Each structure stands twice: as C-alpha cells, then as structure tokens.
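Spelled out from the first residue to the last, the chains are:
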Amino acid sequence: MNYTKCWLAYPTICREQERTLTVHSDFDGPVAQNGVKELTLGLKGLYDMGLEPVTENGADASIRLVRKDGIHPEGYAVQARGGKAVVASSGERGVLYGIFALLRQLQTVQCAWDDLDWEEEKTPSNPMRMFNHWDNLTGDIERGYSGQSFFFRDNEIIIDQRTVDYARMAASVGINATVINNVNVKGAAVELISPRYYKPLRDMQEIFAGYGIDLYFCIEFAAPILLGGLDTADPCDDRVKAWWTDKAAEVWQALPGLGGFMVKADSEGRPGPFTYGRNHADGANMLADAVAPQGGKIIWRCFVYDCQQDWRDTKTDRARACYDHYMPLDGQFRDNVILQIKNGPMDFQVREPVSPLFGGLKHTNMMLEVQVAQEYTGQQRHVCYLIPWFRQVLDQDLYCQEGPSTVADLVSGRSYGNALGGMAAVTNTGDDPNWTGHDLAAANLYGFGRLSYDTSLTGEAIAAEWVRLTYGKEPKVEDTLTDILMKSWPAYESYTAPLGIGWMVNPNHHYGPNVDGYEYAQWGTYHRADWKGLGVDRTSRGTGYCQQYAPKLANLYENLETCPDELVLFFHHLPYTYVLKSGKTVIQHIYDTHFAGAEQAAEFLRQIEELEPLLEPEVYERLHARFSHQKEHSCQWRDVINTYFYRKSGIPDAQGRKIYA
Ligand code: GCW
C-alpha cells in the first residue's frame, strides 16, 4: 500500500543539480550508515544534490560526522557554515539525531545549502523516549483510529519498507524505544516470547536498532501458566521465578539487546500479583531480577484502579487509586524497574490535573505516559493538537522538594538523580495512507517525539516546524494550519465535557457525547449532576484526593478561591449558579463554551476550504472530509450537553440562543 512520507518528504527548497557533496564519518556502525542514507535522501529532495562518502581526506569533506567525547551519546553538536557542516557526538544515535536536526534546520530557514549559517547543541531531556503501540497480533489496534497494524497481521509479523520508514520517522524526532504490542496481551501475543516469533522479531529488531530504537514487548503476567504450564504465576513462587529467569535468558539469546518488557497487571481484568496476595513491588521485582542478567528493563504501568465500583458509593474515588496503590511501595522497586504513570489520575481526558504520584515517589524510577492516540480527544476525526497540553503537564510543578520538581524534572530523573525515566506515548499510527487517519494528527506523533527529546520546546514552535516540514514553505498554508492546530485543543475542550469533569462519552468506544454514558456504571467516572449542580467533591470534605498533593498544590485545589476554573468541577461539586473566576456562572459557562466551540469548528472548515488551491487534491479531500465531520459532530456535542444541563437545571441561556429543551 502507498503511504505518505509525512514530515520526511523533503520538499524542494531550490535546485542545485549536478552538485555533489561529500561526507566523511568517524563512525561505521549501522546507525551512522543510516544517517548518511538519510542525508543522501534529504539533500536529493531539498536540493536535488548528490552525496558521496569519502574515506580519506575527511578534513575536506562537505559534511563531517565526528566522534567527540564530552557530548552525550544521544546528544549532538552541529555547526553548518559556508557550505560545510560538522555533526559531532560521542555516540551514533547522537550523530543520527544531529543529521535530522540539520535537515530540519535547512527546511526551517529554507535557504540554499551554502547559505546555512547555524549551530546547535542538544542533550536529550529524557533518557527514554518511547512509543507504545496498542497493536494486537490479529492486526487490529486497541484505540486505533488510522487503520490496521503495520506490525502484525493474522498473527504474523509484517516486515517491509514501512517498518523501515516507521523507524526513520521515530528516529527523526528522537524516539529511542518502542513497544510494539498492546498492553492488553491478547491471543497469540502471549507467544511473542516464544520461538515461534523470534526470527521475524530479530529482523524487526535489527531494523529498529539501525535507527537507535530499542525494542520492547508487553508480556502477560500469567505467562508461566499460559506458556509454561505451571499452575501459578505467583511472583514469590520459586518455580515462577525460575521460569521467568530461563525465559528471559532464552528471549535475550534470540534477541540480544532487547530493551525489556512492559507490564499491565491487575488492571481492567488483567492478571497480576494481587491474584496471589502479593503487591506490585513483588511482581515487578521478580521480573526485574529475571531480566537483569540480560541488561533488560521492566516498565510497569500504574493504571490500577477498581473497575467494579458501585456508582452509589461516593467515597471511593478512582482518581485516588494510582497514588494509594504505589506510594506505599516507594523505594522498594529494583533499579531496572520504571513505573509508567499516566499524565492524569483518571484516563487521558481532555483536561485533568497531573497525577499526584509524580510528586509522591522519591525513590522510584518513573516515566510519564501520554496518549497521542485521540481516544478521548476526537479519535483523529476531530483535530486536536495535544502538544500544548503535554507542555502544560510537563510544566506543572508538584512542589515536592526544594530542588527542581516539575513533571519534566521528575520524569527525566533530574529531580532525584535517577538514571532511568522519560516519556512514553500511546501512538496514533496505523496502516492508513497518511499513517494517522487525520493528516493533522501526524503533528501529535511528530510533536511528542520532539517534546520528549527537548522539553524546552513550545507547542507552537513544534507545530510551525511540523507544518513546514510536511507541506513546504507556503505562507498561507503554514499560517492557517498552525493557527488551526494551536486553537484545536481549546476548541475540543470547549464543546465537550466542561471544567475538567471529563467523560460524558459513549461507553466502550468513547466517541461522541453521552452525558450519562458512564454515570451509573462501574468504572468510577462520575459527574454527579443533579438539578442543583455538578462536579465531584475531591476536597478533604469529599474523597480527600486533593490531599495526595504536596500542601501548596493541595491547598490550591482545595480552596475554591484558588482552584483554577478549568479544573473546578474535577475538584468541587458546585451549584449551576456558582460564579467562576471568569465572572460567568457554571451554567452560563457551559452554554457559552459550547456555542463558541461549535462555532470554532465551523471556522476551521472555512479556513481549510481556503487552502483548496494550495494543497494536493488528495490531502485536501481527506482534510475536508474530517473537518466537515468535526463541524457537524461539534454541533451534536453542543446540543446534547446544553440540552442536558438546561433540562437538569431549568436555567435558560442568558443570551437566548437555541437550546433544544
Ligand atoms: O483508556 C483505557 C482504554 C483501554 C486501555 C486502558 C489502558 C489498553 O480505554 O483501551 O487498554 O486505558 O491504558 O490500559
């Protein structure tokens, strides 16, 4: 199947035919070789120039890839001036990233090769920068909105040019690890750690390794039973320990250099240590000990909560679960265990406070998990550029120590000097021709990588960069698409669930408005609306969730005077007539944002229509179809939400707009 090149299209800047540059490399491993290949492709596309490797006379080469101690092996220093460039690093990954940076810069400034006058030095902000794929071996993707898997089909592993292009895309934005299968390990996926799959996995691993990407799998906690024929998976049972130790030795022998395993345990029906009366340190450490001799890591997901809650019970609070489970275990995990924590305490809603666990753990490796797949943010049918949201998450200070204590500091390992940590994103890719369903959703994929490598970048800078790399330099296209991207997350938030309360979606598939879709269910996701008001009281008078934060944040959220409007219903149950900091009542805020949000979606479509002459017909058609749907669907959201709250409250819109009473 044909597919687009996304941001690696290298659209022409100017033609300098018949010119051939030379490149000399101090490195000769596969990663540096792929770097040279990329330079060749890039220079061909951008300038129609050739590139020739030279082994001698390195000093005279137009581009020199130089080994330089003192630069982080995944960092780089690039200098480009007067038609010559030097890309230096102490490691091949750094050189590869430097090459991608150079190609990016050429496109950003859009100058002739000889005119580039630029230097940049970078050290990655995070040790681990990871894509998580929720791909099943059957080929379907859990929460996938862009077609089928390009890793698996009918329980077989697919390896083709797309595998290579995926690795190029990932590496181009600094991704250094990827988990290829769903955390819900289903069907044949249990057998990924068995001889049946070693050969194709080895081939895949080799491709990834060539782009500096470590391969990881999700494993099934009950594998000793399912694969090993034991009658238990108890992490404290010696037979189980021995089974995992032998299994790890076998897996790493087949796949040397494998990154490690990811585990979703005791979560949404998955097996785990709780079955055996053990805790999650017992479970994670047992696996960590099994993989340690191989140099492997265990990434343990913290998405653990009671999914059989009684909605009548107002004291149990799902938001508390993650902290309640893991805080008591702080300091007990092995050095090769990383706890992977979702950005918020619930589940990838359009707005949530950050998980208090980031501020709690002081002696544990942690990693931030975000969702680039737009499960709750429009499923890649609506545009929703999430990088500004992730930026806010990273910038949130937890005030948990004197030193640096933002989420970015904490997950990178900087705060407490941890060697491991980083950021992971549930990806939005599939085998659709444009990789991500919505053409503009590729900005999230790109942006996550860029942000995880360099957490000082802004959402806007990344958006502008992505647009230019993808569509070339056409001011109107650039301005319009950047503008739409930057307005898209606030727009989506405004016509969906209000003021941080979340959910209000159709059960199971999570698309489209359904205010009570989860209200009387077992999932712990309630808005508690009645005729007087709505919201969840998570203060000390309510569920006490607020108190999981350090005092400064706990007080901020606990007090209505200081709790930010955008999260006020997450933390408080308020009457519809309560006046927000904006000066509006809760109910009027709901009406106003829903009318404005749907209007914004209509405006997006108008903006896209103006680009028709400037975009390739296929791209335009795809965009037009998605934006038309978004416009219509945002009206559905607006009317369902407004009508629901009008009917509950009986309070009319102060502006007398149409509400379907
Ligand atoms: O958001 C929920 C999703 C599940 C997912 C789970 C998780 C992979 O609806 O589909 O399962 O989160 O993160 O484990």
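Fair warning: this is a prediction, and the values are worked out from it, not measured in the lab. (Residues numbered from 1 in each chain as written. Predicted model: local features only at pLDDT ≥ 70, side-chain atom pairs only at ≥ 80, totals over all residues. Heavy atoms only, no water.)

The next point concerns the overall build of the protein chain. Scanning the protein chain for helices and strands turns up 18 helices and 18 strands. Here the protein chain has a C-alpha radius of gyration of 25 Å; the compact-globule value for 661 residues is 26 Å, and the two agree. In the protein chain, which comprises 661 residues, the share counted as buried stands at 63%. In the protein chain, the share of contacts with a sequence separation of at least 24, taken over all contacts with a separation of at least 6, comes to 72%. (Helix = DSSP H or I, 4+ residues; strand = E, 2+ residues; numbered from the N terminus. Rg over C-alpha atoms; globule rule 2.2 N^0.38 Å. Buried < 20%, exposed > 50% of the residue type's maximum accessible area, 1.4 Å probe, protein only. Contact = heavy atoms within 4.5 Å.)

Looking now at the site of the ligand. As a matter of local geometry, the ligand sits amid 15 residues, with Glu-142, Arg-301, Lys-342, Asp-347 and Glu-375 nearest to it. Within the side chain of Glu-142, one N or O atom sits 2.4 Å away from an oxygen atom of the ligand. Contact between the ligand and Asn-184: an oxygen atom at 3.1 Å from a side-chain N or O atom of the residue. Here the ligand loses 97% of its free accessible area of 340 Å² to cover by the protein chains. Taken together, the residues of the shell around the ligand break down into four nonpolar, three polar and eight charged. (Near = heavy atom within 4 Å. Polar contact = N/O pair within 3.5 Å; in protein donor to acceptor, adjacent residues only side chain to side chain. Areas by Shrake-Rupley, 256 points an atom, 1.4 Å probe, with all protein chains shown as cover. Nonpolar A, V, L, I, M, F, W, Y, C, P; charged D, E, K, R; others polar.)

Quick look at the sheet that holds strand β12 (residues 260–263) now. To summarise the sheet geometry, strands pair through backbone hydrogen bonds and adopt either a parallel or an antiparallel arrangement. Strand order in this closed barrel of eight strands is β7-β10-β11-β12-β13-β14-β15-β16, and the pairing throughout is parallel. Across the sheet, the axes of successive neighbouring strands diverge by a mean angle of 25 degrees, strand direction being ignored. In terms of strand pairing, strand β15 (residues 366–371) meets strand β16 (residues 422–426) through five bridges, oriented parallel. Within β16, the position partnered with Gln-371 by the bridge is Val-426. (Pairing = 2+ DSSP bridges. Axes fitted to C-alpha atoms, helices over the stretch in contact; angles between N-to-C directions.)

An ideal rise of 1.5 Å per residue puts 26 Å on 18 residues; helix α2 (residues 92–109) measures up with 26 Å between its terminal C-alpha atoms. For α2, a buried count of 16 out of 18 residues is recorded, marking the element as mostly surrounded by other parts of the structure. One or two residues past the end of α2 sits Gln-110, with phi positive at roughly 55 degrees. (Expected span 1.5 Å × (residues − 1).)

What follows deals with the environment of Asn-279. Mapped onto the elements of the fold, Asn-279 is located in the loop between β12 and α7 (280–291). Owing to a relative accessible area of 26%, Asn-279 belongs among the partly exposed residues under this scheme. With 44 residues separating them in the primary sequence, Asn-279 and Pro-235 have C-alpha atoms 9.3 Å apart. Contacts of Asn-279, omitting those with residues within four sequence positions, involve Pro-273, Phe-274, Leu-329 and Gln-332. Within the local environment of Asn-279, its side chain forms a polar contact with the backbone nitrogen of Ala-281, the two atoms lying 2.8 Å apart.

Let's shift gears to helix α15 (residues 551–558). Every buried residue belonging to α15 is among Leu-553, Ala-554, Tyr-557 and Glu-558, and all of these are buried. Down the axis of α15, the smallest arc covering the buried residues is 130 degrees, so these residues share one side. Residues of α15 that are exposed and angled more than 90 degrees away from the buried face: Pro-551 and Lys-552. In the core, the buried residues of α15 are packed alongside α16 (568–571). (Arc of directions from axis to C-beta.)

Before going further, it helps to examine the packing of aromatic side chains. Where two aromatic rings form a pair, the distance of their centres and the angle of their planes describe that pair. Considering all chains together, one arrives at 33 aromatic pairs under this definition. Summarising the aromatic geometry, the rings of Tyr-3 and Trp-435 are spaced 5.2 Å apart at their centres and angled 75 degrees between planes, so their arrangement reads as edge-to-face. Of this pair, Tyr-3 sits in the segment before β1 (20–25) while Trp-435 sits in the loop between β16 and α12 (442–453), and the two are 432 residues apart along the sequence. Arranged with centres 5.4 Å apart and planes meeting at 70 degrees, the rings of Tyr-97 and Tyr-453 form a pair that is edge-to-face. In this pair, Tyr-97 is assigned in helix α2 and Tyr-453 in helix α12, connecting sequence segments 356 residues apart. Neither Tyr-97 nor Tyr-453 differs from the other in exposure class; each is buried. Within the aromatic cluster, the residues linked to one another by ring pairs are Tyr-3, Phe-131, Phe-150, Phe-151, Phe-152, Tyr-166, Phe-208, Trp-435 and Phe-448. The residue whose ring lies beneath Arg-318 is Tyr-305, and the NZ or CZ to ring-centre distance is 3.7 Å. (Phe/Tyr/Trp six-rings, centres within 6.5 Å; stacked < 30°, edge-to-face > 60°. Lys NZ or Arg CZ within 6 Å of the ring centre and 35° of its normal.)

Right, let's get into a negative patch on the surface. Taken together, Glu-609, Glu-612, Glu-616, Glu-618 and Glu-621 make up a surface patch of like negative charges. Along the polypeptide, Glu-609 turns up in helix α17 (residues 586–609). (Patch = residues over 30% accessible without salt bridge, like charges linked within 9 Å, V, L, I, M, F, W, Y side chains within 5 Å. Salt bridge = Lys/Arg side-chain N within 4 Å of Asp/Glu carboxyl O. Lys, Arg positive; Asp, Glu negative; His and termini not counted. Charge placed at Lys NZ, Arg CZ, Asp CG, Glu CD.)

Here the focus is the pattern of salt bridges. Inspection of the entire model under this criterion finds 46 salt bridges. Notably, a salt bridge pairs Glu-16 with Arg-19, separated by 2.8 Å at the nearest N-O pair. One salt bridge connects Lys-487 with Asp-483, and the closest N-O pair in it is separated by 3.1 Å. Remark: Asp-483 and Lys-487 occur in helix α14 (residues 475–495); sequence separation between them is four residues, near one turn of the helix. Residue Asp-483 is classed as partly exposed on the basis of its relative accessible area, which comes to 27%. Through salt bridges with shared partners, a single network forms among Glu-74, Arg-93, Arg-129 and Asp-214.

Let's shift gears to the nonpolar core. Trp-7, Phe-217, Trp-244, Phe-261, Trp-300 and Phe-645 are the most contacted members of the largest nonpolar core, which totals 219 residues. Sequence-distant contacts of Phe-645, that is, excluding residues within four places in its chain, are made with Met-504, Val-515, Ala-529, Leu-534, Tyr-576, Ile-587, Ile-590, Tyr-591 and Gly-650. (Core = buried A, V, L, I, M, F, W, Y, C linked by side-chain atoms within 4.5 Å.)

Moving on: the sheet that holds strand β4 (residues 76–81). Spatially, the six strands line up as an open sheet ordered β2-β1-β3-β5-β4-β6, and their pairing is mixed. Two strands close off the open sheet at either side, each with one partner strand: β2 (50–53) and β6 (118–122). Across the sheet, the mean angle from the axis of one strand to that of its neighbour is 15 degrees, orientation sign disregarded. Judged from the four bridges that link them, β1 and β2 form a sheet pairing that is parallel. Directly across from Thr-22, in β2, lies its bridge partner Glu-52.

Following the criterion strictly, the structure yields zero disulfides and no others. In this model Cys-14 remains outside any disulfide bridge; the closest cysteine sulfur is found in Cys-111, 8.0 Å from its own. Given a relative accessible area of 25%, Cys-14 falls into the partly exposed group. (Disulfide = S-S within 2.5 Å.)

Tracing the sequence through the fold places Gln-379 in the loop between β15 and α10 (387–395). Within the local environment of Gln-379, its side chain forms a polar contact with the backbone oxygen of His-509, the two atoms lying 2.7 Å apart. There is a polar contact of 3.5 Å between the side chain of Gln-379 and the backbone oxygen of His-510. With residues near it in sequence (within four places) discarded, Gln-379 still touches Tyr-145, Gln-374, His-509, His-510 and Tyr-511.

Here β4 runs beside β6; their pairing, made up of five bridges, is antiparallel. What sits directly across from Ala-77, in β6, is Glu-121. As defined by bridge partners, β4 adjoins strand β5 (residues 84–89) across five bridges and the pair is classed as antiparallel. Among the inter-strand pairings, Ala-80 is bridged to a residue of β5, identified as Ala-85. Connecting the antiparallel pair β4 and β5 is a turn made up of two residues, with Gly-82 showing a positive phi of about 55 degrees.

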